[in-house]
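Next come the chains, spelled out residue by residue.
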Amino acid sequence: MELRLVGSKSLFLSNLEVMKSCSFLDTKLIFGLSGTQKLCSCRGVVLKASRSSASYDAASSFSKENFILDEFSCQINGKSCSGLYLRDIRVLDASDDEYGGVVINPQTLPSNPNIFASVLCSSLSHWKMKGKKGVWLKLPVEKCDLVPIAVKVGFLYHHAERGYLMMTYWLPDDPCMLPSNASHQVGVGGFVINDKNEVLVVQEKYFAPALSGLWKIPTGFINESEEIFTGVVREVKEETGIDTEFVEVMAFRHAHNVAFEKSDLFFICLLRPLSTRIMVDDLEIQAAKWMPLVKFVEQPLIQEDSMFRKVIDICIARLGKHYCGLSVHQLVSTFDGKLSSLYFNTVEDSDSNCQAN
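Per an unreviewed UniProt entry, the chain goes by the name Nudix hydrolase domain-containing protein and belongs to Anisodus tanguticus. According to the UniProt record, the Sequence similarities (unreviewed entry) comment for the chain is "Belongs to the Nudix hydrolase family."

Caption draft 1: Representation of helix α6 (residues 306–319). Taking 1.5 Å of rise per residue, 14 residues should cover 20 Å, and α6 covers 20 Å from first to last C-alpha, within 8% of that figure. The set of residues buried in α6 consists of Val311, Ile312, Ile314, Cys315 and Arg318. Down the axis of α6, the buried side of the element spans an arc of 155°, and every buried residue falls inside it. Exposed side chains of α6 directed beyond 90 degrees from the buried face belong to Ser306 and Lys310. Regarding α6, its N-cap is Asp305, as a side-chain oxygen of that residue lies 2.9 Å from the backbone nitrogen of Met307 further along.

Caption draft 2: Inspection of helix α1 (residues 113–129) at higher detail. Helix length check: α1 (17 residues) gives 24 Å between terminal C-alpha atoms against 24 Å at 1.5 Å per residue, within 8%. By the burial criterion, the buried members of α1 are Ile115, Phe116, Val119, Leu120, Cys121, Ser122, Ser123, Leu124, Ser125, His126 and Trp127. Where α1 begins, one side-chain oxygen reaches toward the backbone nitrogen of Asn114, 2.8 Å away; that side chain belongs to Asn112. Within two residues after α1, Gly131 carries a phi angle of roughly 85°, on the positive side.

Caption draft 3: Quick peek at the state of the cysteines. For the structure on display, the rule yields zero disulfides. Of the cysteine sulfurs around Cys269, a residue in no disulfide, the closest is that of Cys315, at 9.8 Å.

Caption draft 4: Summary view of the layout of surface pockets. Reported here for the largest pocket is a volume of approximately 970 Å³. Taken together, 33 residues form the lining of the largest pocket, with Glu204, Lys216, Thr219, Phe266 and Phe308 sitting closest to its centre. For the lining of the largest pocket, the elements supplying multiple residues, two or more each, are β12 (184–192), β13 (198–204), β14 (219–221), β15 (244–259), β16 (262–273), β17 (285–292) and α6. The greatest single-element share of the lining of the largest pocket, amounting to five residues, is contributed by α6. The class makeup of the residues in the lining of the largest pocket is 19 nonpolar, seven polar and seven charged. In this structure, the second largest pocket spans a volume of roughly 680 Å³. Along the wall of the second largest pocket there are 19 residues; nearest its centre are Glu161, Ala182, His184, Gln185 and Glu224. Sorting the residues of the lining of the second largest pocket by element identifies β10 (156–161) and β12 as the ones contributing at least two each. Considering only residue class, the lining of the second largest pocket consists of eight nonpolar, six polar and five charged.

Rules used throughout
- Residues numbered from 1 in each chain as written.
- Predicted model: local features only at pLDDT ≥ 70, side-chain atom pairs only at ≥ 80, totals over all residues.
- Heavy atoms only, no water.
- UniProt positions renumbered as here; feature names shortened; annotations may be inferred.
- Helix = DSSP H or I, 4+ residues; strand = E, 2+ residues; numbered from the N terminus.
- Expected span 1.5 Å × (residues − 1).
- Buried < 20%, exposed > 50% of the residue type's maximum accessible area, 1.4 Å probe, protein only.
- Arc of directions from axis to C-beta.
- Polar contact = N/O pair within 3.5 Å; in protein donor to acceptor, adjacent residues only side chain to side chain.
- Disulfide = S-S within 2.5 Å.
- 1 Å grid on protein atoms, 1.4 Å probe; cavity = no way out; pocket = protein on both sides within 12 Å on 5 of 7 lines; lining within 4 Å.
- Points joined across faces, edges and corners; volume = space filled by probe spheres on them.
- Nonpolar A, V, L, I, M, F, W, Y, C, P; charged D, E, K, R; others polar.

As structure tokens, this is what we get:
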């Protein structure tokens, strides 16, 4: 690298070596000076920089802050001297988040692992000096070879999806304040009962041995960005072919260490059938039918399980108008301006589906 002060005076520094230490997040510059060169302070001059090294393969991956003005001081022949120089600090393209951190742009990451390693270190140093906190690094599948480099620097896994791995780095010396990965999965069960007092039930193809012979309500998981009240209607339709209308959330269960050490929220919903003809999903469901409520309740596995029995008691109480569940209301909050679904009891609402005694 050659740094040049252009103006009435010029200063040339050759053999500039940049040594980066990721562990200390510091950038050190060592100057090799010939015997005739002198260092001096120059004021009122225009600063420019030129590079003679090979160009980077992803110029768009760096922010526009490629150079910053810095000071240096040294001793030459027993005399103190100082001056200014331009420091090359190529920084990964990133945007600020609302919590004082940065989110690296995954679209402009260097494809060369060596370049990525070098620029990642200088970027962390730059962001630390800027007082930034958390760093979010999203690595697409096609750039998975950059993962070991990020791990070596100190990045931690946060979460993964089909197309990417999200990693994080906490810059301050204080305890990390970044939020953890999503801790829950959300499931739904549809309690569908017709005007004949029959419950829509299924037997799954794949089940635990302890549940052999059990006729159960249709259940499943909520998809990403899906509402509870639309997700349960979808699940019932997929498994049985029955069209339904969401009425209320009757109850929900909260359990822990259910799958891969994640917690589970399971919402039992009352649905009104809009059709009667059953069409079984052959991939997941062995059989489906309309079953009299009395026989459904009398199943040994229902009677022996306190959780199942309580859910049935709640549903029967709702049918007898001795209980009201939570109906859905979509509202916009001024905090984020987004449409959200709020579930609450509407016993005194004349438009409510629930008319409890």
